[in-house]
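Structural overview
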Protein chains: 2
Amino acid sequence: MTRMVAPAPQDSGEDRLIAKFFRPLARGPGAFDLTDDAAILAPPPGHDVVLKTDAIVGGVHFFPDDPPDAIGRKALRVNLSDLAAKGARPAGFLLTLALPDGIGDDWLCGFAGGLDRDVTLYDCPLLGGDTVKSPERVMVSIAAFGLVPQGTMVRRNGARPGDQVFVTGTIGDAALGLKLRRDPDAAARHGLDPRAREHLLSRYLVPEPRGALAEILRQHASAAMDVSDGLAGDLAKLCRASGASAELDAEKVPRSDAARIMLAAEPALIETMLTGGDDYEIVCTVPPARVAAFLSAAGRTSVLVTAIGRIVAGDEPPRFTHQGRSLAFVKPSFSHF
Amino acid sequence: MTRMVAPAPQDSGEDRLIAKFFRPLARGPGAFDLTDDAAILAPPPGHDVVLKTDAIVGGVHFFPDDPPDAIGRKALRVNLSDLAAKGARPAGFLLTLALPDGIGDDWLCGFAGGLDRDVTLYDCPLLGGDTVKSPERVMVSIAAFGLVPQGTMVRRNGARPGDQVFVTGTIGDAALGLKLRRDPDAAARHGLDPRAREHLLSRYLVPEPRGALAEILRQHASAAMDVSDGLAGDLAKLCRASGASAELDAEKVPRSDAARIMLAAEPALIETMLTGGDDYEIVCTVPPARVAAFLSAAGRTSVLVTAIGRIVAGDEPPRFTHQGRSLAFVKPSFSHF
């Protein structure tokens, strides 16, 4: 097994790769400059470490010809999105990078450069990793670590009837962006101008973790999770964990201008938007008594939050109404298997 | 991205898979029974979390037709081997499992069953994970977490001239086992009986992490690392990190009876044994004043430790002598790239 460890002149190509591209990302004392076999995380007293791992696979979660810096950023950000939803501040990550033979320095330089920018942006250093051979395709698995004051991780299971349901940002952009990648003529067919098209494509390419909301969720939310497999399915998971149901107004679900244009041209896309996944927004529930404080605190960040419905008693999946009618989804959530 | 989260009846195949095979491994309160998006590790006051990730890839680190329980155990144990070498007690792990479509319940049942036994054996619960599609081959990436009293992780860089060099167990068995897998006639050619052959094959298939030595290393070793890429190359890394060199007696490097038989038949196999990798033993250095206490403590465990040489001043790679002559290796260490 090959550790992600910095090299010396007589070292292998693998060691060279690590020193050249990844050592600069290993900031912070616990990484030991990638010169040891393992790293250290020393949580401040009274804190829990929040642990999360998510992997992305070439041809499955991203297109093999995506810019390598976007692949690096996506790999980290899908994890940071979960940390934010759980109320945690990023503390570092481990990287497993599986690479085919054909990957050269240009690709690696782009990949590590994208990661490097996000290491700075999110103050989340690389702590260690492993590079392995993967004959057919790139695979990136990241384990990310966050910190929360002891016992304050925001769970899925705290939603109660009467709580309001909020989502961050806009929903459906990434799923529509993926549709445009798969069907390049769709942009013209749906009347998208280049800027709107670019917006949707970029939302699929690189998510925006909502770290600015982490502490606010810890203070005010009864439950939260990130929206990665589709709002309908993810909210169903939150409701199930909480032993409750929800009533949502699909028209209140926040949409970007670009998504509005596509939806106007093809109303059936509402299902794609609500179930398609890759949003990396946060869905959370807030008890009535905390809604004002939550909105006030969120209003001081750059993250848009929108009320889309409320938690109700019951054990059926959340119900989305749209123009007075209940929406039924063919497939409420993304699944690989 | 799909979280490793327990399911309900209306859930996807992926959720079913996780509940059926992996939920039983998620012992301990921090895993939340795999019902949330992230897990918690709450280190006891005054402890550091030791972080390690290693991945194994089908057709690269294991044979696709290896028994699935052995693949599961190997994936975890290669990480536990590092934790042991760093002096850490296992505390849990995250699992990323990338699976081709053809993988069925039988394989998963074996894989999870192997992991389950090791979760118990090493008291190292599954805390969370991610399952993704990997069109061509199985890939398993594990991030393992250990605990050490603050500031006591055993580093690579503490070896000093005069320290004795020790290794655990026997060296070279796994590399010879791999040779037998690749060249099935080799066993007969080298005069191995079925038991000796089985010993070497099993040493390649499933490593034995030396957790029993973790605390002893923290108390007595000046430096340690696990031997996974070949003793010669790994010891060179330890020496380099410590700013020192080493003189080793190749004849003192502990060998199993099976390895002795193969070596007698083909003396050139000494290079395979010292550079081949997959040993998952520990190489460590102990200052002269602590050697007696180290040997006494190690003697109370079931792990064999053997002195093979000493650290000397200098910056050249460690020198192995064999029957009075210096050994030169074609390729001192395994590397993927």
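It should be noted that the structure appears before, not after, this text.
The following refers to the structure shown.

Thresholds applied
- Residues numbered from 1 in each chain as written.
- Chains lettered and ligands numbered in written order.
- Predicted model: local features only at pLDDT ≥ 70, side-chain atom pairs only at ≥ 80, totals over all residues.
- Heavy atoms only, no water.
- Phe/Tyr/Trp six-rings, centres within 6.5 Å; stacked < 30°, edge-to-face > 60°.
- Helix = DSSP H or I, 4+ residues; strand = E, 2+ residues; numbered from the N terminus.
- Contact = heavy atoms within 4.5 Å.
- Buried area = accessible area lost by both parts, 1.4 Å probe.
- Salt bridge = Lys/Arg side-chain N within 4 Å of Asp/Glu carboxyl O.
- Polar contact = N/O pair within 3.5 Å; in protein donor to acceptor, adjacent residues only side chain to side chain.
- Least-squares fit on C-alpha atoms with pLDDT ≥ 70 in both.
- Pairing = 2+ DSSP bridges.
- Buried < 20%, exposed > 50% of the residue type's maximum accessible area, 1.4 Å probe, protein only.
- Axes fitted to C-alpha atoms, helices over the stretch in contact; angles between N-to-C directions.
- Core = buried A, V, L, I, M, F, W, Y, C linked by side-chain atoms within 4.5 Å.

1. A look at the packing of aromatic side chains
Residue and element names in this part refer to chain A. If you walk through the whole model with that rule in mind, you get 11 aromatic pairs over all chains. Ring plane angle 75° and centroid distance 6.1 Å describe the contact between Phe63 and Tyr204, whose orientation is recorded as edge-to-face. Of this pair, Phe63 sits in the loop between β2 (47-57) and α2 (68-85) while Tyr204 sits in helix α6 (residues 194-205), placing them 141 residues apart in sequence. Members of the aromatic cluster, joined through ring pairs, are Phe22, Trp107 and Phe111.

2. Some points on the interface of chain B and chain A
Each partner contributes to the interface: chain B provides 75 residues, whereas chain A provides 76 residues. Taken together, the two surfaces of chain B and chain A that pack against each other cover about 6,400 Å², and 56% of this comes from carbon and sulfur. Remark: the boundary between chain B and chain A carries 10 salt bridges. Among the ionic pairs, Lys86(B) bridges to Asp36(A), the shortest N-O distance being 2.5 Å. Our count for the chain B to chain A interface comes out at 24 residue pairs in polar contact (both at pLDDT 80 or more). With 11 residues, strand β2 (residues 47-57) of chain B is the single largest residue contributor to the side of chain B that touches chain A.

3. Side note on the relation of the copies chain B and chain A
For the pair of chain copies, the relating operation is a rotation around an axis with a shift along it. Between the two copies, chain B and chain A, the superposition gives an RMSD of 0.0 Å; the rotation angle is 180° and the shift along the axis is 0.0 Å. Overall, the copies show the geometry of a two-fold rotation axis. Looking at the interface residues of chain B, 100% of them are also at the interface in chain A, so both copies use one shared face.

4. Overview of the sheet that holds strand β7 (residues 223-227) of chain A
Residues and elements named next belong to chain A. Taken in spatial order, the 7 strands make up an open sheet running β7-β9-β6-β10-β8-β11-β12, and their pairing is mixed. Two strands close off the open sheet at either side, each with one partner strand: β7 and β12 (325-326). Examined bridge by bridge, strand β11 (residues 319-322) and β12 share 2 bridges and lie antiparallel to one another. Bridge pairing in β12 places His322 opposite Arg325.

5. Side note on the pairing of β2(A)
Counted residue by residue, β2(A) has 10 buried out of 11 residues, so it is predominantly covered. Summarising the sheet, β2(A) and strand β5 (residues 139-149) of chain A pair through 11 bridges and their orientation is antiparallel. Paired with Val50(A) across the two strands is Gly146(A), which belongs to β5(A). Where β2(A) lies against strand β1 (residues 39-41) of chain B, 3 bridges are found, and the strand directions are antiparallel. Each residue of the ladder has a partner; that of Leu51(A), found in β1(B), is Ala39(B).

6. Observations concerning the pattern of salt bridges
Between side chains of opposite charge, a pair can form as their charged atoms come close. If you walk through the whole model with that rule in mind, you get 48 salt bridges over all chains. Arg117(B) serves as the salt-bridge partner of Asp69(B), at 3.1 Å between the closest nitrogen and oxygen. Of this pair, Asp69(B) sits in helix α2 (residues 68-85) while Arg117(B) sits in helix α3 (residues 105-121), and the two are 48 residues apart along the sequence. On the basis of relative accessible area, Asp69(B) is assigned to the partly exposed category, the value being 26%. Linking Asp229(B) and Lys237(B) is a salt bridge whose minimum nitrogen-to-oxygen distance equals 3.5 Å. Given a relative accessible area of 0%, Asp229(B) falls into the buried group. Judged by relative accessible area, Lys237(B) falls into the buried class, the value being 9%. What you see here is one network of salt bridges that share partners, running through Asp36(A), Asp37(A), Lys86(B), Arg155(B) and Arg156(B).

7. Some remarks on the sheet that holds strand β4 (residues 126-133) of chain B
Here we have 5 strands laid out as an open sheet, ordered β1(A)-β2(B)-β5(B)-β3(B)-β4(B), and mixed in their pairing. Bordering the open sheet on either side are β1 (39-41) of chain A together with β4 of chain B, each of which pairs with just one other strand. Each strand axis lies, on average, 20° off the axis of its neighbour in the sheet, ignoring direction. Where strand β3 (residues 89-99) of chain B and strand β5 (residues 139-149) of chain B come together, 9 bridges link them in antiparallel fashion. When the sheet's bridge partners are listed, Arg89(B) is paired in β5(B) with Leu147(B). This element, α2(B), spans β2, β3 and β5 of chain B of the sheet and lies at about 140° to β2(B). Lying on the sheet, α3(B) is in contact with β3, β4 and β5 of chain B; it crosses β3(B) at an angle near 170°.

8. A short note on the nonpolar core
Among the nonpolar cores identified, the biggest contains 102 residues, and Phe22(A) and Phe22(B) are the most heavily contacted of them. Counting residues in each nonpolar core, the second largest holds 38 residues, with Ala159(A), Leu192(A), Leu201(A) and Ala246(A) among its members.

9. Details of the pairing of strand β10 (residues 305-312) of chain B
Residues and elements named next belong to chain B. Sheet topology note: the strand β6 (residues 164-168)/β10 ladder contains 5 bridges and is antiparallel. Bridge pairing in β10 links Val165 to Gly309. The sheet contact formed by strand β8 (residues 245-249) and β10 spans 4 bridges and is antiparallel. Looking at the pairing, Leu248 lines up with Gly309 of β10.

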